[in-house]
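Spelled out, the chains give:
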Amino acid sequence: SQKIEQNSEALNIQEGKTATLTCNYTNYSPAYLQWYRQDPGRGPVFLLLIRENEKEKRKERLKVTFDTTLKQSLFHITASQPADSATYLCALESAANQGGKLIFGQGTELSVKP
Amino acid sequence: DAGITQSPRHKVTETGTPVTLRCHQTENHRYMYWYRQDPGHGLRLIHYSYGVKDTDKGEVSDGYSVSRSKTEDFLLTLESATSSQTSVYFCAISGGTGPGEQYFGPGTRLTVT
């Protein structure tokens, strides 16, 4: 069956370190993969999109990699800050199921301590 | 923030009553989506729309219907609410030249007693 998996355990890191979050998937051939941030009581906010033919994408302190062989995406936040504390969601759209129908992982909670 | 509003923001209703949630956008985006978010399940797509009067089912569409008579409004109806439909409901939009990234509304917390 199709699955998207993110670390269910919260990630706790010290301010200034790099946070790395993992998104693994099985039985998909994604056209692209997206990362979102969600704060408590609010809707998800789009961060980055990476296409199947791209290896890496950057935006300010954020970096996403996409390995279609390993079926994995890594999301990095460099020089992390307490304000980066939130839940991060990955989502993908299968190449066989276009039309914007995203499948979301359950999210990983990140806590950055001062 | 993208111009998306949801109403109501909170609602408590009784089992068996009909409920309609409204999503309104001011971005003129083509695609609109309804999700529900539950602990242990993450975000799951209920229905989506790819244009006025054009809708399709998502992963968890049973017990829900939708309508889109105008570009800016996408309605989600629970014909006869059940306790299993207690959840937080999010509307999202996307547009431009294709689907791509989605922009979410603030959510509606629905409790069915």
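Up top you'll find the structure we're talking about.
Hey, could you run me through the overall build of chain B in this one?
Counting secondary structure elements, chain B contains zero helices and 11 strands. Element order for chain B, N to C, with α for helix and β for strand: β-β-β-β-β-β-β-β-β-β-β. Relative to the globule expectation of 13 Å for 113 residues, the C-alpha radius of gyration of chain B, 13 Å, shows essentially globular dimensions. Buried residues in chain B amount to 50% of all 113 residues.

Help me understand the overall build of chain A in this model?
Counting its secondary structure elements, chain A contains zero helices and 11 strands. Along the chain direction, N to C, the helices and strands of chain A fall in the order β-β-β-β-β-β-β-β-β-β-β. Against the 2.2 N^0.38 benchmark of 13 Å for 114 residues, chain A shows a C-alpha radius of gyration of 14 Å, consistent with a compact globule. By its C-alpha atoms, chain A is 45 × 30 × 20 Å across when sized along the principal axes. Within chain A, buried positions represent 47% of all 114 residues.

Is there a simple way to think about the side chain of B:Thr13 in this case?
Residue and element names in this part refer to chain B. Take threonine 13: it is sitting in strand S2 (residues 10–13). Side chain to side chain, threonine 13 and threonine 17 meet in a polar contact 2.5 Å long. Sequence-distant contacts of threonine 13, defined by excluding residues within four places in its chain, comprise Val19, Ala81, Leu110, Thr111, Val112 and Thr113.

Looking at this model, I keep getting lost on the state of the cysteines. Mind explaining?
Two cysteines joined by a covalent bond between their sulfur atoms form a disulfide. Within this structure, the stated rule accounts for two disulfides over all chains. In this model A:Cys23 forms its disulfide with A:Cys90; the gap between the sulfur atoms is 2.0 Å. The sign of the S-S torsion, about 65°, decides the handedness of the disulfide formed by A:Cys23 and A:Cys90: right-handed. One end of the pair, A:Cys23, is in strand S3 (residues 19–26); the other, A:Cys90, is in strand S9 (residues 86–94), with 67 residues separating them in the sequence. As far as the burial class goes, A:Cys23 and A:Cys90 line up, both buried. The disulfide bridge from B:Cys23 ends at B:Cys91, spanning 1.9 Å between sulfur atoms. Every disulfide takes its handedness from the sign of the S-S torsion; for B:Cys23 and B:Cys91 that torsion is -70°, giving left-handed. Of this pair, B:Cys23 sits in strand S3 (residues 19–25) while B:Cys91 sits in strand S9 (residues 87–94), and the two are 68 residues apart along the sequence.

Help me understand the sheet that holds S3(B) in this model?
Whenever strands of a sheet pair, they do so through backbone hydrogen bonds, lying parallel or antiparallel. Residue and element names in this part refer to chain B. If you walk across this open sheet you meet the four strands as S1-S3-S8-S7, and the pairing is antiparallel. This sheet does not close on itself; its edge strands, each paired only once, are strand S1 (4–7) and strand S7 (64–70). Strand-to-strand, the axes of this sheet are offset by a mean angle of 20°, without reference to chain direction. Bridge count between S7 and strand S8 (residues 73–78): five bridges; the pairing is antiparallel. Bridging across to S8, serine 67 finds its partner in leucine 75.

I would appreciate a short explanation of the sheet that holds S3(A) in the present structure.
Residues and elements named next belong to chain A. Strand order across the open sheet formed by five strands is S1-S3-S8-S7-S6, with antiparallel pairing between neighbours. On the outer flanks of this sheet lie strand S1 (3–6) and strand S6 (56–59), each paired with one strand and no other. Between one strand axis and the next, the sheet turns by 15° as a mean value, whatever way the strands run. Judged from the six bridges that link them, strand S7 (residues 62–67) and strand S8 (residues 72–77) form a sheet pairing that is antiparallel. Looking across to S8, one finds that threonine 65 is bridged to leucine 74.

Got a minute to help me understand the interface of chain A and chain B in this structure?
Accessible area lost upon the coming together of the parts is a frequently used measure of interface size. Counting residues at the interface gives 17 residues for chain A and 21 residues for chain B. Roughly 1,400 Å² of surface becomes buried between chain A and chain B when both sides are summed, with 55% attributable to carbon and sulfur atoms. Applying the counting criterion to the chain A and chain B interface returns zero salt bridges. Of all elements in the fold, only strand S4 (30–38) and strand S5 (45–51) of chain A reach the threshold of two or more residues within the side of chain A that touches chain B. Tallied by class, the residues present in the side of chain A that touches chain B amount to eight nonpolar, seven polar and two charged.

Thresholds applied
- Residues numbered from 1 in each chain as written.
- Chains lettered and ligands numbered in written order.
- Predicted model: local features only at pLDDT ≥ 70, side-chain atom pairs only at ≥ 80, totals over all residues.
- Heavy atoms only, no water.
- Helix = DSSP H or I, 4+ residues; strand = E, 2+ residues; numbered from the N terminus.
- Rg over C-alpha atoms; globule rule 2.2 N^0.38 Å.
- Buried < 20%, exposed > 50% of the residue type's maximum accessible area, 1.4 Å probe, protein only.
- Polar contact = N/O pair within 3.5 Å; in protein donor to acceptor, adjacent residues only side chain to side chain.
- Contact = heavy atoms within 4.5 Å.
- Disulfide = S-S within 2.5 Å.
- Pairing = 2+ DSSP bridges.
- Axes fitted to C-alpha atoms, helices over the stretch in contact; angles between N-to-C directions.
- Buried area = accessible area lost by both parts, 1.4 Å probe.
- Salt bridge = Lys/Arg side-chain N within 4 Å of Asp/Glu carboxyl O.
- Nonpolar A, V, L, I, M, F, W, Y, C, P; charged D, E, K, R; others polar.

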